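Listed here are the chains, written in short residue letters.
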Amino acid sequence: MDIIPLTYPHQLSKENLPATVAAIGFFDGIHKGHQKVINQALNIAHNTHKQSAVITFDPHPSVILKGKIEDVQYLTPLEEKAEQIESLGIDRLYIIRFDRKLSQLAPEDFLAHFIIGLNVDHLVAGYDFTFGFKGAGNMNNIDELLPEPIEVTMIDKINFKDQKISSSRIRESILAGKVEEAETLLGRPLQLTGEVIHGDKRGRTIGYPTANLMLDKPYFLPKIGVYAVEVDIDGNTYFGMANLGYKPTFSEQRLDPKIEVHIFDFDQNLYGQKIKVIWKQFIREEVKFAGIDQLISQLKQDEMKIRQYFS
Ligand SMILES: Cc1cc2nc3c(=O)[nH]c(=O)nc-3n(C[C@H](O)[C@H](O)[C@H](O)COP(=O)(O)O)c2cc1C
Ligand SMILES: Nc1ncnc2c1ncn2[C@@H]1O[C@H](COP(=O)(O)OP(=O)(O)O)[C@@H](O)[C@H]1O
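Residues numbered from 1 in each chain as written. Chains lettered and ligands numbered in written order. Predicted model: local features only at pLDDT ≥ 70, side-chain atom pairs only at ≥ 80, totals over all residues. Heavy atoms only, no water.

1. Digging into the domain arrangement of the protein
Many authors give the size of an interface as the accessible area that is lost as the parts come together. Heads up, the condition is: As annotated, the domain borders come from an automatic or database domain assignment. By definition, residues are in contact when any of their heavy atoms lie within 4.5 Å. When two parts are put together, the accessible area they lose, computed with a 1.4 Å probe and summed over both, is reported as buried area. Should a side-chain nitrogen of Lys or Arg be within 4 Å of a carboxyl oxygen of Asp or Glu, the pair is scored as a salt bridge.
Under the domain assignment used here, the protein contains domain 1 (2–164) and domain 2 (190–310). Inter-centroid distance (C-alpha atoms) of domain 1 to domain 2 is 38 Å. Between domain 1 and domain 2, the contact holds seven residues from the first and four residues from the second. A combined buried area of about 470 Å² lies between domain 1 and domain 2, and 58% of that area is made up of carbon and sulfur atoms. At the surface where domain 1 touches domain 2, the tally comes to one salt bridge. Between Lys217 and Glu83 there is a salt bridge, and its shortest N-O distance comes to 3.0 Å.

2. Concerning helix α3 (residues 78–88)
Heads up, the rule is: Each residue is assigned to one of three classes by its accessible area relative to the maximum for its type, calculated with a 1.4 Å probe on protein chains only: buried under 20%, partly exposed between the two thresholds, exposed over 50%. Numbering goes from the N terminus for both helices and strands, where a helix is a DSSP run of H or I of at least four residues and a strand is a run of E of at least two.
Of all the positions in α3, only Glu80, Lys81, Ala82, Gln84 and Ile85 are classed as buried. Elements that come into contact with the buried residues of α3 comprise β1 (2–6), α1 (32–47), β3 (51–58) and β4 (92–97). One or two positions beyond α3, positive phi appears at Gly89, with a value near 105°.

3. Digging into the site of ligand 1
In plain terms, the rule: Note on definitions. A residue lies near a molecule or strand when any single heavy atom of the residue is within 4 Å of it. We get accessible surface area from the Shrake-Rupley algorithm with a probe of 1.4 Å; when it comes to residues, only the shown protein chains can shield them. Definitions used throughout: a 1 Å grid over protein atoms alone; a cavity as a set of points that fits a 1.4 Å probe which cannot get out; a pocket as an open set with protein on both sides within 12 Å along at least five of seven lines; a lining residue as one with an atom within 4 Å of a point. Assignment to a cavity or pocket requires that more than half of a molecule's atoms be within 2 Å of the site's grid points.
Close to ligand 1 lie 21 residues, the nearest being Arg202, Thr210, Thr249, Glu260 and Val287. Across the complex, the protein chains shield 99% of the 630 Å² of accessible surface that ligand 1 would expose by itself. Placement of ligand 1 is best described as lying within the second largest pocket.

4. Comments concerning the nonpolar core
The following threshold applies: In this description, a nonpolar core means a group of buried Ala, Val, Leu, Ile, Met, Phe, Trp, Tyr and Cys residues linked to one another through side-chain atoms lying within 4.5 Å.
If you look at the biggest cluster of nonpolar residues, it comprises 32 residues, and the most contacted ones within it are Ile24, Ile55, Phe57 and Phe110. Of all the secondary-structure elements, those providing two or more residues to this core are β2 (20–24), β3, α2 (61–65), β4, α5 (107–114), β5 (120–126) and α6 (142–145). The residues contacting Ile55, other than those within four sequence positions of it, are Ala22, Ala23, Ile24, Gly25, Phe27, Tyr94, Ile96, Phe114, Ile115, Leu118 and Val120.

5. Here we look at the site of ligand 2
Stated formally: Two N or O atoms form a polar contact when they lie within 3.5 Å of each other; inside protein one atom must be a possible hydrogen donor and the other a possible acceptor, and for residues adjacent in sequence the pair counts only when both atoms belong to side chains. Polar here means any residue other than Ala, Val, Leu, Ile, Met, Phe, Trp, Tyr, Cys and Pro, which are nonpolar, and Asp, Glu, Lys and Arg, which are charged; Gly is therefore polar.
In the neighbourhood of ligand 2, 21 residues make up the surrounding shell, with Gly199, Lys201, Asn212, Leu270 and Tyr271 lying closest. The backbone of Lys201 places a nitrogen or oxygen atom 2.6 Å from an oxygen atom of ligand 2. Between ligand 2 and Pro209, the relevant distance is 3.5 Å, taken from a nitrogen atom to a main-chain nitrogen or oxygen of the residue. A total of 560 Å² of accessible area belongs to ligand 2 in isolation, and the protein chains cover 95% of it. One can see that ligand 2 is located within the second largest pocket. Every element with two or more residues in the shell around ligand 2 is listed here: β12 (211–215) and β15 (258–263). Sorting elements by how many residues they give to the shell around ligand 2 places β15 first, with three residues. Residue composition of the shell around ligand 2, grouped by class: eight nonpolar, eight polar and five charged.

6. Quick notes on helix α8 (residues 179–186)
Where we set the bar: Arc definition: it is the arc formed by the directions from the helix axis to the C-beta atoms.
Residues of α8 that are buried: Val179, Ala182, Leu185 and Leu186. Projected down its long axis, α8 shows its buried positions confined to an angular sector of 120°, all on one face. Those residues of α8 hidden inside the fold are in contact with α1, β9 (159–160), α7 (167–175), β13 (225–233) and β16 (274–284).

Structure follows, in structure tokens:
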């Protein structure tokens, strides 16, 4: 997949670009609804022997329009968004820099410059996609705003349990620890990868060694607590129990939560290895124990409960 960052104005000329079917949207999370839009563009491109593209924006418009500093918590930060889009099989990804100048572009100029100007002759978007100054362009008036006619395909909203699948709904699910619901809405497992680093070497002394992770990129983390997890090591899947938190029994810091996982029926050195952790179910809140014996007896209960969950 070619990744092409664009600003307004860009210097590309239509004549040098292939006829393209493009899906457009912010697409944070690349969830099931987004996948439907992108897959529709892919199918049309395949059937009409054209190139496929995704057109997206960075940063999120709210950063510019609502003056939020760049601390929007993305479900898929740009790098992961690009990876997800690539995995769907898209040929090129245009990333339009969303700045003040872009936000002031009239809807018809947006289409002329970023749709017609990129040789897009078939555009696919969700029913609620808006574009141009004050979001005045939308899927109802797009035909009148296009400087020349092209095909436009609108994808209806998709629901889960009578509610629209949206990035904000998924964010809420994850923050509430509802990781199985997030998996359903995302249409893929909620997971992260990191390198196993050294901890305090306490785990082995209490019968529960834990692989401590240094994450390889920023992730949208679930609620603090203990989870049943699947662990992927070199393509092999194991079951385990993870703690996402601060180890309040041993530490006072509350700023930077850490992830560690005890893998069932496993006894190998993992330091320096990359492992993948897939969140399966929230088990309990993290607590500050009076001492190490209370922690151990709770870990035994967690293990029983989680082994049962997986059996
Ligand atoms: C399943 C699981 C649950 C845990 N729950 C708690 C907890 O509720 N409170 C806490 O202070 N630490 C908790 N821990 C963290 C342990 O304190 C930690 O694994 C232990 O101190 C070993 O740390 P080390 O890997 O740095 O040696 C949990 C760890 C695991 C694997
Ligand atoms: N079942 C297991 N689950 C997790 N790590 C294990 C397991 N068995 C062995 N290990 C190894 O032990 C290390 C964790 O032991 P621990 O005493 O908790 O040390 P640390 O505090 O450095 O994480 C892991 O990084 C890994 O290399």
